[in-house]
Amino acid sequence: MPKRILAYRRLDEQQLDQLRERYQVDYFGKLSSADDPAFREALGEAHGLIGAGLKITPELLDAAPQLETISSISVGVDSYPVAELSRRGILLSHTPDVLTETTADTGFALIMASARRVVELAEYVKRGEWQESIGAEQFGTDVHGKTLGMIGFGRIGQAIARRGALGFGMRVLYAKASPKPELEQALGARHCELDELLRESDFVCAIVPLNAETRHLIGAPEFARMKSSAIFINLARGEVVDETAMIDALECGEIRGAGLDVFAQEPLPADSPLPRMANVVALPHIGSATHETRTAMAQRAVDNLLLALDGERPLSPFNPEAWPERLG
Ligand code: 8YV
């Protein structure tokens, strides 16, 4: 009997064929709930999972006693109980690198759209309200030459900083990351404490992984420290921010605006005020969502899964400690 794989995110036919050549594949397309009865049933015999967007709980793992490996089509692993996976000897792999530049592009789209009020003013034109040249109350604020504060300075944070420093002549500060002397040289980026970054930045961009240390890292005290002209960008995860405190800060003018790709609850609940706020640009979690990058992420995940099921090191393992003898 070939091993059984459950795929619960869209893969293209060629990628599915790669898996089907060697394994029995239960393909669920885009599954949004782990309660799907067919998925539950197949879990009992699954050796490998490939997908994204499902919260993987210890209870769900109990229903998958043969599971050897999970291949996530994402770089973020906040929906997996990583320590529990390692304890059970289940190897998790993810998809860094292939989405770095695309997600950094999204970050810059949010910076530009928020600063220059692109969405609001494009809507104004669409409504046919552009009858005379616009007045100062519709002007935006410059991006070039300003200070960009990166909270988190991993691959994506560095790619955003590179765009800011080299393309827009921005001064870059970064916090919540170890100092990176080579980038101080190349980009003039300066490592500092979070407080200093909040006080000095015109654009404050959150791009840290979500974990126990970063949950609600940005709350009321942090918004209070930002400039009243600051624009806050969140490309990380909604829970990195205290969303209620952010809404308060945006409503009372404690900060100028926000560009948001991620939210505490996704999709946004109907009663969220965020999409209706004039000083907010809200996107539906599109950080990596281009044809090229989503295809590359899925391919990386397929490659990771095939290697792991062969007992080999995947291209991007997240918890190699799960297999200490093979990968340690
Ligand atoms: C994806 C992401 O949208 O990779 C991540 O961590 O947040 C995004 O690239 C998401 O994981 C769904 O595939």
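In the block above lies the structure referred to throughout.
A few points on the structure. (Residues numbered from 1 in each chain as written. Predicted model: local features only at pLDDT ≥ 70, side-chain atom pairs only at ≥ 80, totals over all residues.)

Remarks on the packing of helix α5 (residues 100–115) against helix α7 (residues 155–168)
Alright, step 1. Here α5 crosses α7 at 55 degrees, and the two axes come no closer than 8 Å. Between α5 and α7, the angle is such that the two are oblique. Where α5 crosses over α7, the two elements pack in a sense that is right-handed. For the pair α5 and α7, contact is made by Thr 100, Glu 101, Thr 103, Ala 104, Gly 107 and Phe 108 and by Arg 155, Ile 156, Ala 159, Ile 160 and Arg 163, respectively.
Alright, step 2. By residue class, the composition of the contact of α5 with α7 is five nonpolar, three polar and three charged. (Axes fitted to C-alpha atoms, helices over the stretch in contact; angles between N-to-C directions. Helix = DSSP H or I, 4+ residues; strand = E, 2+ residues; numbered from the N terminus. Parallel < 35°, antiparallel > 145°, perpendicular 65-115°, else oblique. Left-handed = near helix turned anticlockwise from the far one by under 90°. Contact = placed C-beta atoms within 7 Å. Nonpolar A, V, L, I, M, F, W, Y, C, P; charged D, E, K, R; others polar.)

Concerning the site of the ligand
Alright, step 1. Close to the ligand lie Ala 52, Gly 53, Ile 73, Ser 74, Val 75, Gly 76, Leu 99, His 285, Gly 287 and Ser 288, which account for all nearby residues.
Alright, step 2. Here the residues of the shell around the ligand sort into four nonpolar, six polar and no charged. (Near = placed C-beta within 6 Å.)

Concerning the pairing of strand β10 (residues 231–234)
Alright, step 1. Alternating residues of β10 divide into Ile 231 and Ile 233 and Phe 232 and Asn 234, and every residue in both groups is buried.
Alright, step 2. Bridge analysis of strand β9 (residues 203–206) against β10 gives four bridges, and the strand direction is parallel. What sits directly across from Phe 203, in β10, is Ile 231.
Alright, step 3. With helix α10 (residues 220–225) bridging β9 and its parallel neighbour β10, the resulting β-α-β unit is right-handed.
Alright, step 4. Once you follow β10 into helix α11 (residues 243–251) and on to strand β11 (residues 257–260), the crossover reads as right-handed. (Buried ≥ 20, exposed ≤ 12 C-beta atoms within 10 Å, placed from the backbone. Pairing = 2+ DSSP bridges. Right-handed = clockwise from strand over helix to strand, strands pointing away.)

So, the sheet that holds strand β12 (residues 280–282)
Backbone-to-backbone hydrogen bonds join strands into a sheet, with any given pair of strands oriented parallel or antiparallel.
Alright, step 1. The parallel open sheet is built from seven strands, whose spatial order is β8-β7-β6-β9-β10-β11-β12. Each edge of the open sheet is held by one strand with a lone partner, namely β8 (190–191) and β12.
Alright, step 2. Here strand β6 (residues 147–151) pairs with strand β7 (residues 171–175) via five bridges, running parallel. Residue Thr 147 lies in a different strand from β7, and its bridge partner there is Arg 171.

Details of the pairing of β11
Alright, step 1. Where burial is concerned, the two faces of β11 agree: the one with Gly 257 and Gly 259 and the one with Ala 258 and Leu 260 are both buried.
Alright, step 2. Direction of pairing for β10 relative to β11: parallel, over a ladder of four bridges. Residue pairing in the sheet places Ile 231 in a bridge with Gly 257 of β11.
Alright, step 3. As judged from the three bridges shared by β11 and β12, these two strands associate in the parallel manner. Paired with Ala 258 across the strands is Val 280, a residue of β12.

Some details on the sheet that holds strand β1 (residues 4–7)
Alright, step 1. One open sheet holds the five strands; their spatial order is β2-β1-β3-β4-β5, and the pairing between them is parallel. Every other strand in the sheet has two partners, leaving β2 (24–27) and β5 (91–93) as the edge strands with one partner each. Ignoring strand direction, the axes of neighbouring strands in this sheet form an average angle of 15 degrees.
Alright, step 2. Along the sheet, helix α1 (residues 13–20) makes contact with β1 and β2, crossing β2 at roughly 140 degrees.
Alright, step 3. Strand contacts of helix α12 (residues 291–309): β1, β3 (48–51), β4 (69–72) and β5, with the helix running at about 165 degrees to β4, the strand carrying the most contacts.

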